[in-house]
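Chain and residue survey
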Amino acid sequence: EYGALAKVAGFATLCATYDTGFMVLFEPFESDQSTISNPVLHLACLDAAIAIKPVFQRFHTVIITSGTLSPMEMYPRMLEFAPVVQESFTMTLARQCFAPLVVTRGGDQVTISSKFEVRNDPAVVRNYGNLLIEMARVVPDGIVAFFPSYLYMESIVAMWNENGVLKDVWKHKLIFVETPDAAETSIALQNYRAACNNGRGAVLLSVARGKVSEGIDFDHNFGRAVIMFGIPYQYTESRILKARLEFMREAHQIRENDFLTFDAVRHASQCIGRVLRGKTDYGLMVLADKRYSRADKRSKLPRWISTCLTETSINLSTDMAIGLMRKFLKAMAQPFELSSQLGISMWANEHIVQHGGRGDVVATDAAAAMEVDQ
């Protein structure tokens, strides 16, 4: 009976408890996709340093590590700490098992991009569709395609349905779509995995910042290629985002454009990073937007990805990209001995001793088997 009043009282308590770094905001719509007014009050945390401060206070040494902490200079400013050691490493691999590619134009040489001005241009939509068709024809097993938002994905898929792109993709793979509904997405993921396991192959259309991009691994046959259609910038009309941008400009001297680009490229890195989940895995990482060819965007990619982007892979047409994909997949199809990783991406006891370790590490079954084979 008093449940609604209890919620109001709880919200008021939170507002009174937290002051610095927080702001109460009024949003006229419940979500970005809503068209019917349904006002919502938010208590928004604008300062990320508040969440990690207790960790720094409790522990003498804190290690922050991730495959997508790039550019690293942004984090000390946002989280308000002075790093003692700050390093970015490349991957140590026995073979080059991932291939990042930047596709900037279609086969008709029309530039592709998710920029607001051209995102619904028929030529751009057609070239995005042709890229997906060609990849479905060439890449085995599973392909995961990410879009900047649900709204953009819905409009693109509707146009693909009208111009026959989806029918052409269906000739090679099944198609599944992530939705905002968690139950529907779980069913789609289950069927997607089943299609990859039985040899039919599948394409999963997903959204950056969604469930699939942040919590699901697509190892081995579940993800032989990931496509990022466009750059996943945040919805810039959000009042919460505007308040946070203003706070960071005043408190940390971080410019709006710097943070928006940092955040967008970080999410793109998380998306394409889904394809590589182990030393024996391999996959293609396709960034389909002209803007990824610019140095200011590439510099914000993790070092283990950016170092593999060569001059021959950052300004590709669809035809050129498909040719490089064929070459990469052919190389990955060659026999690969796990023992070849010893001393490179996997160490035995003697390698640990050579690098100043103790050398009394108990070998795992896989490592022991490789030592026996040698």
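Predicted, not measured: the structure shown is a model, and the values here were computed from it.

1. A few points about the overall build of the chain
Helices and strands together make up the secondary structure of the chain, namely 15 helices and 9 strands. Computed over C-alpha atoms, the radius of gyration of the chain comes to 23 Å, within 12% of the 21 Å expected from 2.2 N^0.38 for 374 residues, which places it in the range of a compact globule. Based on the C-alpha atoms only, the size of the chain along its principal axes is roughly 70 × 60 × 45 Å. In the chain, 74% of the contacts between residues at least 6 apart in sequence involve partners at least 24 apart.

2. Some words on helix H4 (residues 122-138)
Compared with the 24 Å implied by 1.5 Å per residue over 17 residues, the 24 Å span of H4 between its first and last C-alpha is a close match. With respect to burial, H4 is a largely interior element, 12 of its 17 residues being buried. Residue Asp121 occupies the N-cap position of H4, its side-chain oxygen lying 2.8 Å from the main-chain nitrogen of Ala123.

3. Focus: the confidence of the model for the chain
Of all residues in the chain, 94% have pLDDT values of 70 or greater, and the mean over the chain is 86. Counted against residues more than four places away or in other chains, residues 365-374, with its pLDDT under 50, gives 11 contacts.

4. Overview of helix H7 (residues 182-197)
Helix length check: H7, at 16 residues, gives a terminal C-alpha distance of 23 Å against a target of 22 Å (1.5 Å per residue), a fit within 8%. In this fold, the buried residues of H7 make contact with strand E4 (142-147), strand E5 (174-177), strand E6 (202-207) and helix H8 (211-215). The N-cap residue of H7 is Asp181: its side-chain oxygen and the backbone nitrogen of Ala183 are 3.1 Å apart. Immediately beyond the C-terminal end of H7, within one or two residues, lies Gly199, with a positive phi of roughly 90°.

5. Looking at unusual backbone geometry
One non-glycine residue, Gln109, lies in positive phi territory at about 70°. In this model, Gln253 sits at a positive phi of 55°, which is unusual for a non-glycine residue. Mapped onto the fold, Gln253 is located in the loop between helix H9 (239-252) and helix H10 (256-272). Classification of Gln253 as exposed rests on a relative accessible area of 56%.

6. Focus: the side chain of Asp281
When you line up the elements, Asp281 lands in the loop between H10 and strand E8 (283-288). A polar side-chain atom of Asp281 sits 3.0 Å from the main-chain amide nitrogen of His220.

7. Here's the deal with the sheet that holds strand E9 (residues 316-317)
Spatially, the 7 strands line up as an open sheet ordered E5-E6-E4-E7-E8-E3-E9, and their pairing is parallel. Edge positions in the sheet fall to E5 and E9, since each of these pairs with one other strand and no more. In this structure, E4 lies alongside E6, joined through 6 bridges in parallel fashion. Bridge pairing links Ala145 to Leu205 in E6. Running at roughly 155° to strand E7 (residues 225-229), H10 makes contact with E4, E7 and E8 of the sheet.

8. Topic: the packing of H4 against helix H13 (residues 318-332)
Where H4 contacts H13, the two axes come as close as 10 Å, and the packing angle between them is 20°. By the criterion of interaxial angle, the relationship of H4 to H13 is roughly parallel. Crossing geometry of H4 relative to H13 is assigned as right-handed. Side by side, H4 and H13 meet where Asn127, Leu131, Glu134, Met135 and Val138 of the first sit next to Thr318, Ile322, Met325, Arg326 and Leu329 of the second.

9. Quick look at the packing of H9 against H10
Put simply, H9 and H10 touch, their axes get as near as 9 Å, and they point 120° apart. It follows from the interaxial angle that H9 and H10 lie oblique. In this structure, H9 meets H10 at a crossing whose hand is right-handed. The segment H9 lies against H10, with Leu241, Arg244, Leu245, Met248 and Arg249 engaging Glu256, Phe259 and Leu260. Class assignment for the residues of the contact of H9 with H10 results in 5 nonpolar, no polar and 3 charged.

Parameters and conventions
Residues numbered from 1 in each chain as written. Predicted model: local features only at pLDDT ≥ 70, side-chain atom pairs only at ≥ 80, totals over all residues. Heavy atoms only, no water. Helix = DSSP H or I, 4+ residues; strand = E, 2+ residues; numbered from the N terminus. Rg over C-alpha atoms; globule rule 2.2 N^0.38 Å. Contact = heavy atoms within 4.5 Å. Expected span 1.5 Å × (residues − 1). Buried < 20%, exposed > 50% of the residue type's maximum accessible area, 1.4 Å probe, protein only. Polar contact = N/O pair within 3.5 Å; in protein donor to acceptor, adjacent residues only side chain to side chain. pLDDT = per-residue confidence, 0-100. Pairing = 2+ DSSP bridges. Axes fitted to C-alpha atoms, helices over the stretch in contact; angles between N-to-C directions. Parallel < 35°, antiparallel > 145°, perpendicular 65-115°, else oblique. Left-handed = near helix turned anticlockwise from the far one by under 90°. Nonpolar A, V, L, I, M, F, W, Y, C, P; charged D, E, K, R; others polar.

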